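Each chain is listed here by its residues.
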Amino acid sequence: MYSCVLDRFTHVPPERVLYKDEFSSLTWGAFQASSDAIGTYLAGLIGPVAPVAVMTGRHVWTPACFLGVVKAGCFYAPMDGDLPKARLDQMLGVVQAAVMLVDRAHLKTAKELDFHGEIVVMEDILQTPVDPELLFSRKSAMTATSPLYVIFTSGSSGIPKGVITSHESLICYIDAVIKVLHIDESDVLGSQSPLDYIAAIRDIYIPLFTGASTYIIPKNEFAIPGQLFETLNRERVSTICWSVAGVELPAKLGAFELGKPQYLKKLCFSGSVIHCKYLKIWQENLPDVMYVNQYGPTEATASCTYYIVDHPVSEDTVLPIGVPYENYRILLLNEDDTATPPGEIGEICVSGPILALGYYGNRAYTEKAFLQNPLNPYYRELIYKTGDLGRFDEKGLLEFHGRKDRQIKHMGHRIELSEIEETAGRIDGVQDCCALYDRDRELLYLFYTGTASSKEIVLYFRQNMPSYMAPRKTVRLDELPRLPNGKTDMQTLKQYFHS
Amino acid sequence: MEELMEILENLRPDVDFEKETALVTDGILESFDIVALVGELDEAFDIEIKPNHLIPENFNSVNAIWALVEKLRDEW
């Protein structure tokens, strides 16, 4: 039993490479030394169990910053410096950190934010003389349920929700994935996920637990299919855990016409339902790769279930989401909190040590989503209600049957359509609006009434929200179609998808 | 060229396409923008942009994109 992720680190020679990016690489020795220095500095500045906002770039030093925060006995809240100021201010408002750790490249952005704490520049503190006693005392005070990070997801009220997760949950999840993917120190992971995003926990922690290494792929290589596969080959990448959007992209852009990732052995995808016409292209070109479909929300530490694809897929195959990972338990509940009978569709609920600690600073939301298991009157057992619908097939594999509410997955990100509407509603010249998602063409639509132009709307989104939340198509109407009960008639609006 | 500007402005009204010369290299156009753009260009100009055309030099500026479109149109 480990009391914190630091205890779970493997032991490898200090000269071994841990993380690598386009410009530099970080060995274990350099990683430990720099995170010790960052940890010592922060521990001298703030007390334990405090949030530290971290705004750094897509490079090898970012994981060192995260773990430096952990070594100070604190927890980190990653911030993507490319997000608009308004969004970052919202996130900072939730986290209420006294300290923000940045790299020099983000100092200017950080200074412009609505942040009143202390900004610490990573490059300035890497030479801090390490204080082993201080670090030891911070580490000794941690328990398995101490918080590790706060990672943000879309919130239906228009304010992002910060999911706070413990050391124990992270260790349970990463260990379960390592087992399924058979990761060892010979593996090289190719990281696609933004480092501030939940999916990056695999790319950051799997190497720390196994001695494997991670190559951080430059973001714009995904637009250049030939270059992407060349990079995977140059770095001898054996394992990729990407969003479905990231896996579909090279197939869509015809990357296999130019080459193949020849060292690839394992491909794990998650975030949304994969279109099997693209998976088929991967399978035809790389038949010996193990393909794993993963499912799960941030609130249950990245993923709950997995399915190893054991047959060639066709265009119309719908993959099951499979079986629970070790330390995850899945149950299906009906609307009235009774158990869903076998073979029927119910809400997917999760329990186990992998449940997040809740939404940071929001007890009301936390209590609504994390509840006592209604099937257990005997002792305390929390479950997380995912809002996803599922069904167990005759082989006991879980199938995904969509959402209970209006949450969608777009470009690998989770979006509440009501948050899009909430945002559009703040624009002068937008009266009424309705956001809908055309899944076939992966287009986010905004239907609206009012005088605003399409350009004004998209510009407002680009200036205030993450780029993936900006509507791709805006349709101005004289009025929104209504159902007899007064609600917006979404089915009628969906007819615009095909025009 | 006008038609191209219109496509680009609809795609990303927040970008000043007349000024930018490193659209891909600087990450202004994201991979998802490129996917959408390729589809629209193929359709609007009746061309077929192939994977080997997807290099930063062909998409870094309006002029580069226009040069690519013209080149592919001539091939027909």
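Residues numbered from 1 in each chain as written. Chains lettered and ligands numbered in written order. Predicted model: local features only at pLDDT ≥ 70, side-chain atom pairs only at ≥ 80, totals over all residues.

**With respect to unusual backbone geometry**
Excluding glycine, residues mostly have negative phi values, and the peptide bonds linking residues are mostly trans. Applicable threshold: Only DSSP runs of H or I with at least four residues qualify as helices, and only runs of E with at least two residues qualify as strands; both kinds are numbered from the N terminus onward.
Positive phi, normally seen in glycine, also occurs at His182(A), with a value near 50°. Among the secondary structure elements, His182(A) is positioned in the loop between helix 8 (167–181) and strand 9 (188–191).

**Structural notes on the sheet that holds strand 26 (residues 473–476) of chain A**
Residue and element names in this part refer to chain A. In plain terms, the rule: The pairing criterion is simple: DSSP has to find at least two bridges between the two strands. Axes here mean lines fitted to C-alpha atoms, for a helix over just the part in contact, with angles spanning 0 to 180 degrees between N-to-C directions. What counts as a contact here is a pair of residues whose C-beta atoms, placed from the backbone, lie within 7 Å.
Taken together, the 3 strands give an open sheet; going across it, the order is 24-25-26, and neighbouring strands pair in mixed fashion. The sheet terminates laterally at strand 24 (433–438) and strand 26, the two strands that pair on one side only. The sheet shows a mean angle of 20° between the axes of neighbouring strands, taken without regard to direction. In terms of strand pairing, strand 24 meets strand 25 (residues 443–448) through 6 bridges, oriented antiparallel. Counted as the bridge partner of Leu 436 is Tyr 445 from strand 25. Contacts between helix 14 (residues 417–424) and the sheet are confined to strand 24 and strand 25, with strand 24 contributing the most and set at about 140° to the helix.

**Some points on the packing of helix 2 (residues 28–45) of chain A against helix 7 (residues 132–140) of chain A**
All names here are of chain A. Test applied: Should an angle fall under 35 degrees it is called roughly parallel, over 145 degrees roughly antiparallel, and 65 to 115 degrees roughly perpendicular, with every other angle called oblique. Only Asp, Glu, Lys and Arg are considered charged in this grouping, and only Ala, Val, Leu, Ile, Met, Phe, Trp, Tyr, Cys and Pro are considered nonpolar; every other residue, Gly among them, is considered polar.
With their axes 9 Å apart at the nearest point, helix 2 and helix 7 run at an angle of 80° to one another. Put simply, helix 2 runs roughly perpendicular to helix 7. Contacts from Asp 36, Gly 39, Thr 40 and Ala 43 of helix 2 reach helix 7 at Leu 134, Leu 135 and Arg 138. A class-by-class count of the residues in the contact of helix 2 with helix 7 yields 3 nonpolar, 2 polar and 2 charged.

**So, the nonpolar core**
Residues and elements named next belong to chain A. Worth spelling out the cut-off: In plain words, the nonpolar core is the set of buried Ala, Val, Leu, Ile, Met, Phe, Trp, Tyr and Cys residues that C-beta atoms within 7 Å link up. Exposure classes come from backbone-placed C-beta atoms, where a residue is buried if 20 or more other C-beta atoms lie within 10 Å of its own, exposed if 12 or fewer do, and partly exposed in between. Bear in mind that the domain bounds are from an automatic or database domain assignment.
Val 52, Ala 53, Val 54, Val 69, Ala 77 and Leu 101 are the most contacted members of the largest nonpolar core, which has 144 residues in total. Among the domains, domain 1 (5–308) and domain 2 (323–403) are the pair contributing at least three residues each to this core. With sequence-adjacent residues up to four places away left out, Val 54 is seen in contact with Cys 65, Phe 66, Val 69, Tyr 76, Ala 77, Pro 78, Met 79 and Leu 101. Of all hydrophobic cores here, the second largest spans 23 residues; its members include Ile 420, Ala 424, Tyr 445 and Phe 461.

**Re the domain arrangement of chain A**
All names here are of chain A. Each assigned domain of chain A is listed with its residue range as follows: domain 1 (5–308), domain 2 (323–403) and domain 3 (412–498). Of note, the centres of domain 1 and domain 3, computed from C-alpha atoms alone, are 32 Å apart. Going through the elements one at a time, helix 4 (85–95) and helix 11 (244–252) are the ones with two or more residues in the side of domain 1 that touches domain 3. For the side of domain 1 that touches domain 3, the element with the most residues is helix 11, which contributes 3 residues. Of the residues in the side of domain 1 that touches domain 3, the class split is 5 nonpolar, 9 polar and 1 charged.

**With respect to the interface of chain B and chain A**
Each partner contributes residues to the interface: chain B has 16 residues there, and chain A has 20 residues. Residue contributions to the side of chain B that touches chain A peak at 4 residues, all from helix 2 (residues 31–45) of chain B. Taken together, the residues that form the side of chain B that touches chain A break down as 10 nonpolar, 3 polar and 3 charged.

**Details of the packing of helix 8 of chain A against helix 9 (residues 200–210) of chain A**
All names here are of chain A. Contact geometry for helix 8 and helix 9: axes closest at 10 Å, N-to-C directions at 80°. By the angle between their axes, helix 8 is roughly perpendicular relative to helix 9. Along the contact surface, helix 8 presents Leu 170, Ile 174, Val 177 and Ile 178, while helix 9 presents Ile 201, Arg 202, Tyr 205, Ile 206, Phe 209 and Thr 210. Partitioning the contact of helix 8 with helix 9 into residue classes produces 8 nonpolar, 1 polar and 1 charged.

**Some points on the pairing of strand 14 (residues 305–308) of chain A**
Residue and element names in this part refer to chain A. Both strand 13 (residues 290–295) and strand 14 contribute to a ladder of 4 bridges, which runs antiparallel. Following the sheet pairing, Gln 294 is matched in strand 14 by Tyr 306. For strand 14 and strand 15 (residues 323–324), the ladder comprises 2 bridges, and the chain directions are antiparallel. Across the sheet, residue Tyr 306 finds its bridge partner in strand 15, namely Val 323.

**Observations concerning helix 8 of chain A**
All names here are of chain A. To be explicit about the condition: The span one expects for a helix is its residue count, reduced by one, times 1.5 Å.
Here helix 8 contains 15 residues, and its C-alpha end-to-end distance of 21 Å stays within 8% of the 21 Å for a straight helix at 1.5 Å per residue. Extensive coverage of helix 8 is indicated by the burial of 11 of its 15 residues. Turning to helix 8, its buried residues number three or more, namely His 167, Glu 168, Ser 169, Leu 170, Ile 171, Cys 172, Tyr 173, Ile 174, Ala 176, Val 177 and Leu 181. Phi for His 182, located one or two positions after helix 8, is positive at around 50°.

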